[in-house]
Amino acid sequence: MATLDSKIPAGPIDDKWTSYKDHINLVNPANKRNIDVIVVGTGLAGGSAAATLAELGYNVKAFCFQDSPRRAHSIAAQGGINAAKNYQGDGDSTYRLFYDTVKGGDYRSREANVYRLAEVSANIIDQCVAQGVPFARDYGGLLDNRSFGGVLVSRTFYAKGQTGQQLLLGAYSAMNRQIARGKIKMYNRHEMLDLVMVDGKARGIIARDLVTGKLERHAAHAVVIASGGYGNVFYLSTNAMGSNVTAAWKIHKKGAFFANPCYTQIHPTCIPVSGDHQSKLTLMSESLRNDGRIWVPKKLEDAKAIREGKLKPTQLKEEDRDYYLERRYPSFGNLVPRDVASRAAKERCDAGFGVNKTGEAVYLDFAAAIERYGKEQAHIKGLDENDAALVKKLGTQIVEAKYGNLFQMYEKIVDENPYETPMMIYPAVHYTMGGVWVDYNLMTTIPGCYCIGEANFSDHGANRLGASALMQGLADGYFVLPYTIGDYLSKDIRTGKIPTDLPEFEAAEKSVRAQIDTFVNNKGTHSVDYFHKKLGKIMWDKVGMARNEKGLKEAIEEIAQLRDAFYKDVKVPGTGEEYNEELAKALRVADFMELGELFAKDALHRNESCGGHFREEYQSEEGEAQRDDKNFAYVAAWEYKGKPSDAVLHKEALEYENIKLVTRSYK
Amino acid sequence: MKLTLKIWRQKNNQASGKFETYPLDGVSPDMSFLEMLDVLNNELIEKGIDPVAFDHDCREGICGMCSLFINGEAHGPDRGVTTCQLHMRKFKDGDTITIEPFRAKAFPVIKDLVVDRSSFDRIQHAGGYISVNTSGNTQDANAIPISKHAADEAMDAATCIGCGACVATCKNASAMLFVAAKVSQYALLPQGRVEATDRVLNMVKQMDLEGFGNCTNTGACEIECPKGISLENIARMNREFLKASV
């Protein structure tokens, strides 16, 4: 297990996946009936994998902590899903999607995986349409597209501002069909708390029934982790309240390497924090940057007056506004990638141009779009294009049709009408590119243990492009894993049922029980959230959008201390044998406390800036990220050795044969 | 703001429940309703009292996990939002707020304000899908044009988040709006027409088996639905059902 073998097939990049599929071992249908697979998580990756594996004939056990697989957090994805269909005839291709993704990831992803992702992307759209996913269409009845950041084509398919919901409900419907056939056994309100290994292979899990508190043993021939990202290590993020790292962290502790934990995406357009009571942050889709223009006042005194409520943004003249993205990045403008847009917002706010009470907000303005659409509509309808009130009314209707649900969400939270006054936005933690290390087969360093979707590290490098998370989740689950796992399982056709009374199951269950007992018997004084918030603050202040050596060293020390304090002083009411949300939270936060430290350690070791990882020491004079390809063109995969501080670094060198490494520029 | 909260407490499915009253001070109008409950729970935990259990996850109105019957209304007094998007500015200083679980025979209480909505899942298992395997070899997504009107209507129906507000608010505890939304989404699309007959019959059958009541057209569900699912969907389902039955 000491060396990292990415198992990338030989041959030219555009032939690797096809020839791989032609040469792998298959399992015959009769044998598939005797093979069990566990899937943990039912988002786009887990849901699509569970459904597809069941269609193929495997016996699937699927687990989610929510009350239904339909609630997985993929549901909250708003803007869209990329696919190299080139329906718009604007020059898109598999290669271009591949290239954009590698470049967007700041040249820190694995070429072969990304190419495969681009290759299967078109199939995803076909599959989803066949499932009845109601993508947006134009008047001719064909599918519509929009643009997302970091690309120069329109390749994003969407269903209003609820694309994730519709794709997840598509995967959920495919699961339902298999649940009805008895091929998927669904375990709702269950949390995986440990991986069971027998003879060095993943052979099952220990899960806790969150309603009764009962610990259960589940055996299988392979275990698939699809439990999403770890953004909640920051406490405040756009993730759901329950999103956690536990399943991924448990396999890490059993031998799966954890890769690039410091690559975190801070999304530029979120609703700013309003106070200490805040429990989560709400994203405003990147699709809004198709039409919204981002700006702050040009003059410091105007910014100050706005913060004090003496001046309204709509009163500020055009020449007094600084459309800083359009100024700094003329060719991509408001559609630069997320990491670039986030840093630019932070830079302006740090310089004193922030526009809300806390000084941490910039404007996202639709006035220009409303006018543009309004004039277009007036022209189409043969009405007066110079009637300002009419133009505004018509333009508002178009903007409402495009983004209505997002505008409504903004209004409910902020209590301001975004059709009348610009939205206020600020960056927030959104997605984690890092995750469990996997090879080309999506298998972790534990034989028989796979990791898919956001939970793995594989496709987005140091920064993910918008509308690519949905693409990766479904690609992994529908089109990649079902092949790669078959090759592995073909060697298991004679194994027979895995019994759950093996000593390995006994030991794993015992250790889970011990951890639960520790928490419920602890006579502490503070709630789990109290500690989680403290962890989040350290992470945001010192391991957030900009990092430096001193801050990271402090963070590592502070997190270790906080972890000790947590175990000493956390208070978990109730028992382990009942519905107990505080206990569930404590078990999750315990893992965040370890991950947080490894995260900071990874950020400290990476002496360069790339994508979402920005080290203040490594920037150009203009404040752009400075990569160090000579020393850091590798995946940092960490091996667990007892404590995060003892984790051992393994490197997978990234070789670029099809794309030349250059400085990423969106100017 | 200072509030008085009357909250339904029930230890588990077997126990009988009752209202408990909790005073709560220091509530900001900018808090969401669930953040207000977080503050209460934090106080309860530090006092050694079992916190109030309630379902929630995404807290942005899309996962459908949060519920709550607030002052007699599913998802509270605001329109077009789930409880997680309801903000305390909709209440006044000194208010007494009554918080109950979604009540229906088909939604048994698990604990306090948490209910079991797996009956909704079982209705979906009965036919809430199009029978197509994953292959990568389905026809091209643009092979069948679908009129924008039909696609948009299907999308409007498909935005149902499965929260159960329609059931909780209906005097008959009917799930017709929920079932009709799924039936309509597929009925409106050519891909869904193939199995339309079996789907509507099977889903309605399961709905009845789960113990949901019938629809008497009061329209309360449409008003309380956080996603604005229209009653027209029920009419469409009735038509589909009739067509499939004769």
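As the structure is a prediction and not an experimental result, all values here were calculated from the model.

Caption draft 1: Quick look at the overall build of chain A. When you go through chain A residue by residue, the secondary structure sums to 18 helices and 19 strands. Whereas a compact globule of 667 residues would reach a radius of gyration of roughly 26 Å, chain A reaches 25 Å, a difference of no more than 12%. Its C-alpha atoms give chain A principal-axis dimensions of roughly 80 × 60 × 50 Å. Taking all contacts inside chain A whose residues are at least 6 apart in sequence as the whole, residues at least 24 apart take part in 74%.

Caption draft 2: Broad picture of the domain arrangement of chain A. Structurally, chain A comprises domain 1 (16-265 + 432-492), domain 2 (268-429) and domain 3 (502-653). Tallying the contact residues gives 24 residues for domain 1 of chain A and 24 residues for domain 2 of chain A.

Caption draft 3: Spatial organisation of the domain arrangement of chain B. All names here are of chain B. For chain B, the assigned domains read domain 1 (3-110) and domain 2 (118-245). If you average the C-alpha positions of domain 1 and of domain 2, the two centres end up 29 Å apart. With 18 residues of domain 1 at the contact, the number on the domain 2 side is 16 residues.

Caption draft 4: Inspection of the packing of helix α14 (residues 503-521) of chain A against helix α17 (residues 581-605) of chain A at higher detail. Residues and elements named next belong to chain A. Where α14 contacts α17, the two axes come as close as 10 Å, and the packing angle between them is 115 degrees. At the point where α14 passes α17, the crossing takes the right-handed sense. Counted together, Q515, I516, F519 and V520 of α14 and L583, A586 and L587 of α17 form the full contact between these two elements. Here the contact of α14 with α17 is composed, by residue class, of 6 nonpolar, 1 polar and no charged.

Caption draft 5: Molecular detail of helix α6 (residues 163-181) of chain A. The first and last C-alpha atoms of α6(A) sit 28 Å apart over 19 residues, in line with the 27 Å expected at 1.5 Å per residue. At the C-terminal side of α6(A), A:G182 shows a positive phi close to 85 degrees.

Caption draft 6: Broad picture of the interface of chain A and chain B. Taken together, the contacts link 67 residues of chain A with 68 residues of chain B. At the level of elements, α3 (44-56), α5 (111-131), α6, α12 (388-414), α13 (469-489) and α17 of chain A are the ones that each hand at least two residues to the side of chain A that touches chain B. The class makeup of the residues in the side of chain A that touches chain B is 25 nonpolar, 25 polar and 17 charged.

Caption draft 7: Just the pairing of strand β2 (residues 18-24) of chain B, in detail. Residue and element names in this part refer to chain B. Sparse coverage of β2 is indicated by the burial of 0 of its 7 residues. Where strand β1 (residues 3-9) meets β2, 7 bridges bridge the pair, whose relative direction is antiparallel. Within the sheet, the bridge partner assigned to I7 lies in β2 and is E20.

Caption draft 8: Structural context of the packing of α3(A) against α13(A). Residue and element names in this part refer to chain A. It is the contact of α3 with α13, at a shortest axis distance of 8 Å, that shows an interaxial angle of 20 degrees. One finds that α3 runs roughly parallel with respect to α13. The handedness of the crossing between α3 and α13 comes out as right-handed. Here L44, A45, G46, G47, S48, A49, T52, L53 and L56 of α3 lie close against α13, whose contacting residues are L470, G473, L474, D476, G477, Y478, L481 and P482. Counted by class, the contact of α3 with α13 contains 10 nonpolar, 6 polar and 1 charged residues.

The rules behind the values
- Residues numbered from 1 in each chain as written.
- Chains lettered and ligands numbered in written order.
- Predicted model: local features only at pLDDT ≥ 70, side-chain atom pairs only at ≥ 80, totals over all residues.
- Helix = DSSP H or I, 4+ residues; strand = E, 2+ residues; numbered from the N terminus.
- Rg over C-alpha atoms; globule rule 2.2 N^0.38 Å.
- Contact = placed C-beta atoms within 7 Å.
- Domains from an automatic or database assignment.
- Axes fitted to C-alpha atoms, helices over the stretch in contact; angles between N-to-C directions.
- Left-handed = near helix turned anticlockwise from the far one by under 90°.
- Nonpolar A, V, L, I, M, F, W, Y, C, P; charged D, E, K, R; others polar.
- Expected span 1.5 Å × (residues − 1).
- Buried ≥ 20, exposed ≤ 12 C-beta atoms within 10 Å, placed from the backbone.
- Pairing = 2+ DSSP bridges.
- Parallel < 35°, antiparallel > 145°, perpendicular 65-115°, else oblique.

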